[in-house]
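Architecture and fold: a report
Listed below are the residues making up each chain.
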Number of protein chains: 2
Amino acid sequence: MAQKPSIPKGTRDFSPSEVYKRNYIFDVVKKHFQTFGFQPIETPSFENSDTLMGKYGDEGDRLIFKIIDSGNIYEKKLSEDVENAISIFVALTYIFRDVTTAILEDIDRYNLEFATREELYEIIKGKNLLKHYDNKLEEWGHFLIDDYKYRIAFTDKLNAYREVFLSNCVEFIYGRGIDFKQVRDKSDLSEHYFKWADRHVVKQFTTDIFGKIEGEIPNINKLTSDLLVKKISEKALRYDLTVPFARYVVMHQNEIDFPFKRYQIQPVWRADRPQKGRFREFYQCDADVVGANSLLQEVELIQLYDAVFTDLGLKGTTIKLNNRKILSGIAEVIGAKHLLVAFTVALDKLDKIGEEGVKKEMLEKGISEQAIQKATPLFSLSGSNSEQLLQLKELLKDSEEGSKGVQELDYIISSIEELGLQSANLSIDVTLARGLNYYTGAIFEVSAPDGVNMGSIGGGGRYDDLTGVFGLKDMSGVGISFGLDRIYIVLEELGLFPSAIDQSLDVLCVNFGDREALFALKLVRELRKSGIKADVYPSSVKMQKQMKYANNRKVPFVILIGEQELESNSFVVKNMKEGSQGTYSLDKVEEFINSF
Amino acid sequence: MAQKPSIPKGTRDFSPSEVYKRNYIFDVVKKHFQTFGFQPIETPSFENSDTLMGKYGDEGDRLIFKIIDSGNIYEKKLSEDVENAISIFVALTYIFRDVTTAILEDIDRYNLEFATREELYEIIKGKNLLKHYDNKLEEWGHFLIDDYKYRIAFTDKLNAYREVFLSNCVEFIYGRGIDFKQVRDKSDLSEHYFKWADRHVVKQFTTDIFGKIEGEIPNINKLTSDLLVKKISEKALRYDLTVPFARYVVMHQNEIDFPFKRYQIQPVWRADRPQKGRFREFYQCDADVVGANSLLQEVELIQLYDAVFTDLGLKGTTIKLNNRKILSGIAEVIGAKHLLVAFTVALDKLDKIGEEGVKKEMLEKGISEQAIQKATPLFSLSGSNSEQLLQLKELLKDSEEGSKGVQELDYIISSIEELGLQSANLSIDVTLARGLNYYTGAIFEVSAPDGVNMGSIGGGGRYDDLTGVFGLKDMSGVGISFGLDRIYIVLEELGLFPSAIDQSLDVLCVNFGDREALFALKLVRELRKSGIKADVYPSSVKMQKQMKYANNRKVPFVILIGEQELESNSFVVKNMKEGSQGTYSLDKVEEFINSF
């Protein structure tokens, strides 16, 4: 039965005219990457999960596409570890519920009294109520290991866990303030218990079995899911180009001549919720310099942005410039250094929520009224770059780090003033943060020319320790990125793509039959050798159909070779735009070629 | 702690010089694709699993990389269906073992006699031995549904399965010839039973629960694995370019002007065991025409191979040509039509195992001595293409299909003779099969020039029903593919890459300090505008270090701008190859530019 085909949400097919336009952008960008001395590398589409996981924060980890290991994952993996884990989690939870219930019943039955955790603990120990635990353990251990052939020493594990259980049990009964005399309805208790056990018990137990678990106490389902994914997947799709680049630099450090200027244009994949303009597969287009501390790089990268956007005809872009040290300095001088992230996240929203909104958010995030007061000059920075620099210098005069930032900004701006830009504007923007925790020096962002409703079309910055996570210390990196999809939309909107960009065929020969077609092929062969895109219609169907095809593909020249032309060794060229017509001899095909 | 980075086996990093060389091949291929009127498309890296699965045979399905759905797979998927499935499989197997054991014990205890399946069946029914089943069912049903909160109507399912169980039980006891009086050791019986139950019982049960399962009776682990993968993965990485192309054509049929000539150069992924020259990620490079039945396409594709390989400097390739109809015709005239696949698979090995080897394999595969005798002329086809055509014509004169094949071959070969080839040879090869079940007409394969030890560097053919599986009937396709990795190796081996291909920097300015560097940047800006790859060394480190960098990157021109040059507004150019040196004025930078 035929399937009605579709593609996964968040992905796209690119039809010829889209490919031409995308390649046009890539080619322009690449040309400038190369004249600026950058060299291309390519990395694999999937990396070892270890390489990617933990590099992009929790949210990033969640958005990384994982690939299932090949082969029979159940046989190889699940039946050993994960199925054990799942079963043990379930067993554990039931044991806890049953045992706790039995203990509660005993306390009830014997009218045992306790006032503190310690008293309850002693009661349980003294009355040997943990026999319930041992009984259950035997029952489940037998069930799981003998009958289910689970291989790990389940009973040993749970035996060692007896003491831990006791304190958990006490904590549960006492901590929840359960009036055990009222508890009759097991199922009600179960529900309480399940929720509680999820958070308090499972973590410790799984830590025993599976090693250290970092961060938040996991939910049992989430934990099982993560364990499962870890067990059945050791590869993941590239999430950005920066981490694979860092990995590449470390792996190839002995072959690389530092400073290394590399560019990379490849797709990345993110399991984000797809929406307008946000895709699960999209290209990134990065140029980075690694192993060079000099601010000359920042100057060069601004020149590079200018060169590319000018060449694309996209004049009047604004390259916004900031420096992490300035943000740190401001937080320092206003006395909110410990709230740097909250401060910059709020400041970053100035465009959207205005001065009052920003101040309100800062207040909510715990930044004092006084500190906000001190930061107020930021909201009214004005004038030329030099004027803003002066104001910043004054504002940050008491911060060493802040002053360093001003100095760096100053160097970059004055160098660019000296060199000039072709069509871009360079502008200080102290509200610019862009993944603050990542960048350590310059921060860039490019916005489209005024009047175009579009977010940033490029961005980047300097990060002082690019490769440290992979073991190569003190490698500073600085780079920029071009937002292909957005640039595409802007060029389309402004009509900036070259007009003949999707001219995929220059010449079509009408097919009047086998003999004529073969003759036409000879002509076409010569045209193609001269780089002309030429073709013979594949079958001798009605002329009308062939002309329709020529029109649809916007072919500028249609060639007619009928019986008469065969005899006279010539061909007729019909100029589809002008409607004119001319005859050429096949011996003098260059005449036609030269007319291109 | 720093990780020691690595990449997944079967994948590769491409360093700059490799990227240049690969792009060189891509660019040449692309250029000719375009002059031949092909248009580029791109499809997503991952497709819906449904689009890919079942299109490449069982082996292909196994080699497709599956992507894990995003989100908490345990919560969303496992806890509902798959965990049920796993538990039910396990429960089912145990129930069967326990019940069968109990029945065997009863038969033993009551000394019941039976000689046929029917008698055993009656005994079990008559003595109400199925009460064991009902008991077990109650026990497990309670355990699974009440305690484990499984939601599906497990008991109902197993009740409905009572009759099926009975006949399975009879089959097990009778069919295995178990001397039930001897069976005392349960564990021995269990082992027998497990193996048996896997194959005979699980299929039927899972069919009930999960719908129709096609093909081989699955192993319980394999089945669980497949179900699990199906539940947690709905996307898979592209395995080739042909299926996504077919999917594309069907989805975009209303926008496409047929006949549609498309090319596509994108990576594909296969979970194959990596080995020398076989990767898990590699590029495919395809040109196909869809919607054109005319043999002109085959002629064109041969011309295209010739144009590309000639342009790459790879002269003397051999384009081998066959036709599926000829293979069918031969199988028909020798009376082995039903053994077509076995016949062609054996014939395909003529190169490797020789005439005797091929005959031996044919015999083993059930092709008669007489048929093989009739096919003998195939082994001694000789002479020019025209001479071979004559011999084939005679051999196939009684087969309509075979004669059609000869006629097609004849047309293609005579057209190519008329048009000529620039550097390739075209040669009939009736042993060529290449995924026979796929192609329906022409079959192509290109081998490297004599003396190069390399398998095929390209291949293709015609397939009459490209898009039928996606619901668009009667769409003939014909296409060819270029083997990038192999072409790369051949060009490398023969020294055919252009010599300056990895010249990534034309000019390097030595950095003598901030002022000098800024001056150099002005010069570099002008050079770059002219397309010259130019750079300023990023920091004013020792001259020696900068010159070493220039040498490593094989920079042909090093520019020196010291204090003196700053003053005189000039720059010194050092020709690194010739060792010569010259001074230019910055005002006359064109003089230097023109020297390139």
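Residues numbered from 1 in each chain as written. Chains lettered and ligands numbered in written order. Predicted model: local features only at pLDDT ≥ 70, side-chain atom pairs only at ≥ 80, totals over all residues. Heavy atoms only, no water.

Attention now moves to the sheet that holds strand 7 (residues 318-323) of chain A. Residues and elements named next belong to chain A. Ordered in space as 1-5-6-11-10-9-7-8, the 8 strands form an open sheet in which the pairing is mixed. Strands with a single pairing partner mark the edges of an open sheet, and in this sheet they are strand 1 (39-40) and strand 8 (425-428). When strand 7 meets strand 9 (residues 442-447), the two strands line up antiparallel, connected through 6 bridges. Looking across to strand 9, one finds that Lys320 is bridged to Glu445. Sheet strands touched by helix 12 (residues 242-251): strand 5 (260-269), strand 6 (281-290) and strand 10 (456-463). Its angle to strand 5, the strand with the most contacts, is close to 135°. (Pairing = 2+ DSSP bridges. Helix = DSSP H or I, 4+ residues; strand = E, 2+ residues; numbered from the N terminus. Contact = heavy atoms within 4.5 Å. Axes fitted to C-alpha atoms, helices over the stretch in contact; angles between N-to-C directions.)

Looking now at the side chain of Asn511 of chain B. Among the structural elements, Asn511 of chain B can be located in the loop between strand 12 (507-509) and helix 21 (514-529). With a relative accessible area of 5%, Asn511 of chain B lands in the buried category. Here Tyr537 of chain B takes part through its backbone oxygen, which lies 2.8 Å from a polar atom of the side chain of Asn511 of chain B. Not counting chain neighbours up to four residues away, the residues in contact with Asn511 of chain B comprise Leu296 of chain A together with Ala517, Val536, Tyr537, Pro538, Ser539, Ser540, Val541 and Gln546 of chain B. (Buried < 20%, exposed > 50% of the residue type's maximum accessible area, 1.4 Å probe, protein only. Polar contact = N/O pair within 3.5 Å; in protein donor to acceptor, adjacent residues only side chain to side chain.)

The next point concerns the pattern of salt bridges. If charged atoms from side chains of opposite charge come close, those side chains can pair. Using the criterion set out here, one finds 56 salt bridges over all chains in the structure. Where Glu298 of chain A meets Arg462 of chain A, a salt bridge forms, and the shortest distance between an N and an O atom there is 2.6 Å. Placement of the pair is Glu298 of chain A in helix 13 (residues 296-311) and Arg462 of chain A in strand 10, with a sequence separation of 164 residues. Arg462 of chain A shares its class with Glu298 of chain A; the two are buried. Across the pair Lys320 of chain B and Glu445 of chain B runs a salt bridge, and its minimum N-O distance is 3.7 Å. (Salt bridge = Lys/Arg side-chain N within 4 Å of Asp/Glu carboxyl O.)

Moving on: the relation of the copies chain B and chain A. The relation between the two copies of this chain is a rotation about an axis and a shift parallel to it. Rotating chain B by 180° and translating it 0.0 Å along the rotation axis places it on chain A, where the RMSD comes to 0.2 Å. Both copies are brought into coincidence by an operation consistent with a two-fold rotation axis. Judged by C-alpha distance, Ile67 of chain B is the residue of chain B that lies nearest the rotation axis, at 2.2 Å. Interface residue correspondence from chain B to chain A reaches 100%, placing this contact among same-surface, isologous pairings. (Least-squares fit on C-alpha atoms with pLDDT ≥ 70 in both.)

Okay, helix 22 (residues 543-552) of chain A next. Residue and element names in this part refer to chain A. Within helix 22 the residues assigned to the buried category are Gln546, Met547, Tyr549 and Ala550. The arc that holds every buried residue of helix 22, seen down its axis, measures 155°, which confines them to one face. Residues of helix 22 that are exposed and point more than 90 degrees away from the buried face comprise Gln544 and Lys548. Close packing links the buried residues of helix 22 with strand 12 (507-509), strand 14 (557-560) and strand 15 (570-575). Lys554 occupies a position one or two residues after helix 22 and carries a positive phi of about 55°. (Arc of directions from axis to C-beta.)

Let's shift gears to the packing of aromatic side chains. Here the distance between the centres and the angle between the planes together describe a pair of aromatic rings. Overall, the coordinates contain 38 aromatic pairs over all chains when judged by the stated rule. Measuring from ring centre to ring centre gives 5.1 Å for Phe33 of chain B and Tyr263 of chain B, while their planes differ by 40°; the resulting arrangement is tilted. Taken as a pair, Phe33 of chain B in helix 1 (residues 16-35) and Tyr263 of chain B in strand 5 (residues 260-269) lie far apart in primary sequence, 230 residues in all. Overall, Phe33 of chain B belongs to the buried group, its relative accessible area being 0%. Under the relative-accessibility criterion, Tyr263 of chain B is labelled buried at 4%. Consider the rings of Phe309 of chain B and Phe482 of chain B, whose centres lie 5.5 Å apart with planes at 50°: the pair is tilted. Linking Phe309 of chain B in helix 13 (residues 296-311) with Phe482 of chain B in strand 11 (residues 477-482), this pair joins segments that are 173 residues apart in sequence. Taking relative accessible area as the criterion, Phe482 of chain B reaches 3% and is therefore assigned buried. Pairwise contacts between aromatic rings join Phe33, Phe38, Tyr263, Tyr305, Phe309 and Phe482 of chain A into one cluster. (Phe/Tyr/Trp six-rings, centres within 6.5 Å; stacked < 30°, edge-to-face > 60°.)

Listed per partner, the contact involves 119 residues of chain B and 119 residues of chain A. Residue Arg247 of chain A pairs with Asp13 of chain B through a salt bridge whose shortest N-O separation is 2.5 Å. Our enumeration of links across chain B and chain A arrives at 36 residue pairs in polar contact (both at pLDDT 80 or more). Considering every element that reaches the side of chain B that touches chain A, the biggest residue donor is helix 4 (residues 73-109) of chain B, with 9 residues. Its residues assigned to classes, the side of chain B that touches chain A comprises 56 nonpolar, 34 polar and 29 charged. (Nonpolar A, V, L, I, M, F, W, Y, C, P; charged D, E, K, R; others polar.)

So, on to the UniProt feature "domain: Anticodon-binding" (unreviewed entry) in chain A. Within this numbering scheme, the UniProt entry marks residues 518-594 of chain A as carrying the feature "domain: Anticodon-binding" (unreviewed entry). The span residues 518-594 of chain A shows a helical share of 44% and a strand share of 23%, and its end C-alpha atoms are spaced 23 Å apart. (UniProt positions renumbered as here; feature names shortened; annotations may be inferred.)

Next up on the list: the pairing of strand 14 of chain A. Residue and element names in this part refer to chain A. Here strand 14 shows no split at all, with Phe557 and Ile559 on one side and Val558 and Leu560 on the other all buried. Examined bridge by bridge, strand 12 and strand 14 share 3 bridges and lie parallel to one another. Residue pairing in the sheet places Val507 in a bridge with Phe557 of strand 14. For strand 14 and strand 15, the ladder comprises 4 bridges, and the chain directions are antiparallel. From the neighbouring strand, Ile559 faces strand 15, where its bridge partner is Val573.

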